[in-house]
Amino acid sequence: MSASSASAPAPGAPPASRRTAVPPKGPLEWRLLLQWLTEDGVVSVRDAEKVARRFAAGDSAQHPLVRLAGMGLTRADNGNLLELEPLTEWLAGRVGMPYLRIDPLKVDVARVAEIMSINYAERRKALPVQLTLTEITIATSEPLDVDWVEEILSHTKKKVKLVVSSPLDLQRYRTEFYTLAKSVKDANKKTGDSVAHNFEQLVELGKSNRQLDANDQGIIQVVDWLWQYAFDQRASDIHLEPRREMGAIRFRIDGVLHTVYQVPLAVMQAMTARIKLLGRMDVVEKRRPLDGRIKTRNPGGDEVEMRLSTMPTAFGEKLVMRIFDPDNTVKSFEALGFAPSETQIWEQLVARPHGIILVTGPTGSGKTTTLYSTLKRVATDEVNVCTIEDPIEMIEPSFNQTQVQPAIDLGFAEGLRALMRQDPDVIMVGEIRDLETAEMAIQASLTGHLVFSTLHTNDAASAITRLTDLGVPSYLISATVIGVLAQRLVRTLCPHCKKPDDAVRPEMLAEAIKPWRLNGHIQPYKPVGCLECRMTGFKGRVGLYELLPISEALRTAIHPHIDMPRLRQMAAKEGLRPLRPAGVMKVAEGVTTLEEVLRNTPQWET
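Each value, and the rule that gives it
- Residues numbered from 1 in each chain as written.
- Predicted model: local features only at pLDDT ≥ 70, side-chain atom pairs only at ≥ 80, totals over all residues.
- Heavy atoms only, no water.
- Helix = DSSP H or I, 4+ residues; strand = E, 2+ residues; numbered from the N terminus.
- Buried < 20%, exposed > 50% of the residue type's maximum accessible area, 1.4 Å probe, protein only.
- Contact = heavy atoms within 4.5 Å.
- Areas by Shrake-Rupley, 256 points an atom, 1.4 Å probe, with all protein chains shown as cover.
- Lys, Arg positive; Asp, Glu negative; His and termini not counted.
- Charge placed at Lys NZ, Arg CZ, Asp CG, Glu CD.
- Pairing = 2+ DSSP bridges.
- Axes fitted to C-alpha atoms, helices over the stretch in contact; angles between N-to-C directions.
- Domains from an automatic or database assignment.
- Salt bridge = Lys/Arg side-chain N within 4 Å of Asp/Glu carboxyl O.
- Polar contact = N/O pair within 3.5 Å; in protein donor to acceptor, adjacent residues only side chain to side chain.
- Nonpolar A, V, L, I, M, F, W, Y, C, P; charged D, E, K, R; others polar.
- UniProt positions renumbered as here; feature names shortened; annotations may be inferred.
- Core = buried A, V, L, I, M, F, W, Y, C linked by side-chain atoms within 4.5 Å.

*Asks:* Which parts of the structure should I look at to understand the overall build of the protein chain?
*Replies:* From N to C terminus, the protein chain includes 24 helices and 18 strands. Taken along its principal axes, the extent of the C-alpha atoms in the protein chain is 85 × 65 × 45 Å. In the protein chain, which comprises 606 residues, the share counted as buried stands at 52%. Considering only intrachain contacts with a sequence separation of at least 6, the fraction spanning at least 24 residues in the protein chain is 66%. A total of about 28,100 Å² of accessible surface is found on the protein chain, and carbon and sulfur atoms cover 49% of it. Charge separation in the protein chain, taken as the distance between the mean sites of 74 positive and 75 negative side-chain charges, equals 4 Å.

Below you can see the structure in the form of structure tokens.
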């Protein structure tokens with residue numbers, strides 16, 4: 001048998017001199033585990049005797065680690081609850097094998113079934129998790145019952161590396177991985193190999209009435225798995241990307257794309273057809289971009305909306321699904337990342353009876369979340385909130401939402417003109433793209449409405465020049481715009497593994513944000529990587545904000561020949577904190593890293 005070398009002992013594992021010289025072979029027994037736990041000082045003798053009396057009363061089909069984890073034991077050495085993962089990690093150290101918490105994003109699911117059948121995997125309590133040119137990594141929950149490794153070695157002609165994983169994880173992922181592999185295989189057989197390999201074939205295919213079997217049971221299972229998998233992994237976007245040989249499925253998690261699976265092009269084509277069908281899109285039309293939406297439920301039973309967008313590419317139709325989870329779309333200002341002072345100013349702005357409030361930033365910077373969270377706060381029974389969007393990001397019952405329809409000449413300007421006759425109090429325009437929309441927003445503001453909208457600019461002050469570039473007279477900008485919020489998203493450090501970063505000194509942070517100053521305790525941290533964050537060192541994202549309320553003094557600087565450096569200097573004197581200093585404050589608080597901030601924020605220009 002060929003297996004990996006022993007890893008460092010897990011916490012609580014005994015010195016080599018105290019370990020059993022030759023552990024018994026065969027399935028794990030609870031009596032042996034209790035003996036080892038007491039020998040290692042992990043469980044007290046008294047607790048072990050209590051467990052032994054309860055276990056002796058009857059047999060159980062549960063894995064002994066699962067039974068022990070369900071007893072609510074606490075560690076004798078530190079008092080922590082002895083849950084399944086710590087127990088599994090302790091066992092790995094006890095038997096001298098590496099411990100692995102399975103990350104499904106890092107498992108090549110398509111190749112799992114090539115190593116062993118599902119019946120063999122279930123019988124051996126094992127699961128292949130990684131395959132290279134020379135080595136196979138197999139997770140097991142029975143580290144003393146591994147005589148079967150010789151069979152795998154003979155069958156694959158590759159070195160076998162054994163790791164110990166949670167029996168519940170193994171059971172769950174065995175079912176998921178093999179079911180998925182079977183569904184993809186069955187779907188591939190039924191759809192065949194007739195797929196478009198270049199743009200000319202793609203256009204011809206779109207002209208035909210040929211329907212893919214989007215309702216095939218295998219395709220249904222693959223699509224259902226895809227969505228549940230994405231929800232479980234906290235993905236914000238799902239990409240189905242046809243390539244020359246295979247189709248790639250990628251998830252965007254915390255702003256970073258991860259390849260999670262590859263499927264045959266025929267299967268991806270059928271998956272795309274299935275999703276378009278559910279999104280009420282034209283399944284046959286593949287020559288032009290299409291939009292749609294789907295409402296489904298996450299594993300917790302909560303409704304989740306997905307916005308669909310297709311695009312014809314050289315190798316087929318690309319589909320992107322943007323996920324709008326209500327728990328992530330509507331948040332408190334504190335959860336979004338607003339500082340207390342920013343929250344106070346923002347609340348004062350949105351409480352104004354009329355005026356224009358602009359939110360700026362690139363695509364994916366969190367503008368929609370900020371706007372929805374804000375509108376949700378103001379949408380009381382006494383207030384009529386109306387929106388015109390392209391497309392409607394998420395259905396919100398407390399808003400009156402309208403979607404732009406260019407095919408029937410219902411654009412932002414036309415929609416905003418119609419909303420003016422709907423007795424609104426608060427209006428949200430998805431984006432100011434042209435002069436006509438900007439003029440209608442200004443007209444709405446001048447007639448006593450509070451108007452929210454977005455622009456694509458690098459910072460808050462640039463929103464003013466963007467409006468002038470569109471052709472809006474400066475005196476109208478001065479009279480109507482009451483505030484601009486620029487924002488970015490940065491990844492937050494994983495709270496489970498981050499460590500103090502002595503390499504980042506306070507003077508380095510001070511240099512990065514001159515002339516602003518750092519106040520209070522400064523403790524930068526650095527990413528490390530652990531099981532909770534998939535060894536990335538980051539988990540989640542937080543917003544950085546540059547809030548510019550338009551004061552009377554600033555209004556005097558808004559004229560036909562705007563001096564942007566002077567406008568920025570005046571804003572800074574009135575308390576504006578640019579995006580980069582706002583990010584460095586988060587670094588000083590140990591929330592993110594300096595690299596993240598520098599990568600995502602523009603340099604302050606005066």
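*Asks:* Would you take a moment to explain the sheet that holds strand E3 (residues 159–164) for this structure?
*Replies:* Strand pairing in a sheet relies on backbone hydrogen bonds, with the paired strands running either antiparallel or parallel. If you trace the three strands from one edge of the open sheet to the other, you get E1-E2-E3, paired in mixed fashion. With partners counted over all chains shown, the strands left at the sheet margins are strand E1 (126–131) and E3, one partner each. Averaged over neighbouring strand pairs, the angle between their axes works out to 30 degrees when direction is ignored. Where strand E2 (residues 135–140) meets E3, six bridges bridge the pair, whose relative direction is parallel. From the neighbouring strand, Ile136 faces E3, where its bridge partner is Val160. Each of E2 and E3 is contacted by helix H7 (residues 149–156), which is oriented at about 140 degrees to E3, the strand it contacts most.

*Asks:* Is there a simple way to think about the domain arrangement of the protein chain in this case?
*Replies:* Frequently, the measure chosen for interface size is the accessible area removed from exposure when the parts meet. Domain annotation for the protein chain reports domain 1 (30–95), domain 2 (109–188), domain 3 (199–325) and domain 4 (333–490 + 541–577). The interface of domain 3 with domain 4 comprises six residues on the first partner and seven residues on the second. Across the domain 3-domain 4 interface, the total number found is zero salt bridges. Linking domain 3 with domain 4 are one residue pair in polar contact (both at pLDDT 80 or more). Grouping the amino acids of the side of domain 3 that touches domain 4 by side-chain chemistry returns one nonpolar, one polar and four charged.

*Asks:* How do you make sense of the sheet that holds strand E13 (residues 426–429) when you look at a structure like this?
*Replies:* A sheet is described by the order of its strands in space; here seven strands give the open sequence E12-E11-E13-E14-E10-E15-E18, paired in mixed fashion. Sheet topology places strand E12 (400–403) and strand E18 (538–549) at the edges, where each strand pairs with a single neighbour. Sheet twist, expressed as the average angle between the axes of neighbouring strands with direction ignored, equals 20 degrees. Note that E13 and strand E14 (residues 450–455) share four bridges and pair parallel. Following the sheet pairing, Val426 is matched in E14 by Leu450. The strands touched by helix H17 (residues 435–446) within the sheet are strand E10 (355–360), E13 and E14, with E10 carrying the most contacts at an inclination of about 135 degrees.

*Asks:* Is there a simple way to explain the UniProt feature "domain: Bacterial type II secretion system protein E" (unreviewed entry) in the protein chain in this structure?
*Replies:* The feature "domain: Bacterial type II secretion system protein E" (unreviewed entry), as annotated in UniProt, sits at residues 420–434 in this numbering. Between the end C-alpha atoms of residues 420–434 there is a gap of 18 Å, over a span that is 0% helix and 27% strand.

*Asks:* Whenever I open this one, unusual backbone geometry confuses me. Can you help?
*Replies:* Negative phi values dominate among residues other than glycine, just as trans dominates among peptide bonds. The backbone of Lys125 shows a phi angle near 55 degrees, a positive value even though the residue is not glycine. For Lys125, the location among the structural elements is in the loop between helix H6 (118–124) and E1. When its relative accessible area of 36% is taken as the criterion, Lys125 is described as partly exposed. A positive phi angle is found at Asp423, which is not glycine, with a value near 50 degrees. Tracing the backbone shows Asp423 in the loop between helix H16 (412–419) and E13. What makes Asp423 exposed here is its relative accessible area of 63%.

*Asks:* In this structure, what is going on with the pattern of salt bridges? I would like to understand it.
*Replies:* Once the charged atoms of two side chains with opposite charge are near each other, the side chains can pair. Tallying each qualifying case throughout the model produces 28 salt bridges. The partner of Glu342 in a salt bridge is Arg577, with the nearest N and O atoms 3.1 Å apart. Within this pair, whereas Glu342 is found in helix H14 (residues 340–350), its partner Arg577 is found in the loop between helix H22 (564–573) and helix H23 (579–588), the two being separated by 235 residues in sequence. Judged by relative accessible area, which is 7%, Glu342 ranks as buried.

*Asks:* What is the right way to look at the side chain of Thr592 in this model?
*Replies:* With respect to the element layout, Thr592 can be found in the loop between H23 and helix H24 (594–600). A relative accessible area of 0% places Thr592 in the buried class. There is a polar contact of 2.7 Å between the side chain of Thr592 and the backbone oxygen of Arg491. Residues in contact with Thr592, not counting those within four places in the same chain, are Val490, Arg491, Leu493, Tyr525, Gly583, Lys586, Val587 and Val597.

*Asks:* How do you make sense of the nonpolar core when you look at a structure like this?
*Replies:* Soluble globular proteins tend to pack their nonpolar side chains together in the buried interior. Membership of the largest hydrophobic core comes to 88 residues, with the highest contact counts inside it found for Trp148, Leu240, Ile249, Phe251 and Met271. Broken down by element, the residue count for this core peaks at nine residues, all from helix H10 (residues 217–232). Not counting chain neighbours up to four residues away, the residues in contact with Trp148 comprise Met116, Tyr120, Arg124, Ala126, Ile138 and Leu162. Judged by nonpolar contacts, the second largest core, of 57 residues, contains Leu544, Ala557, Leu576 and Leu579.

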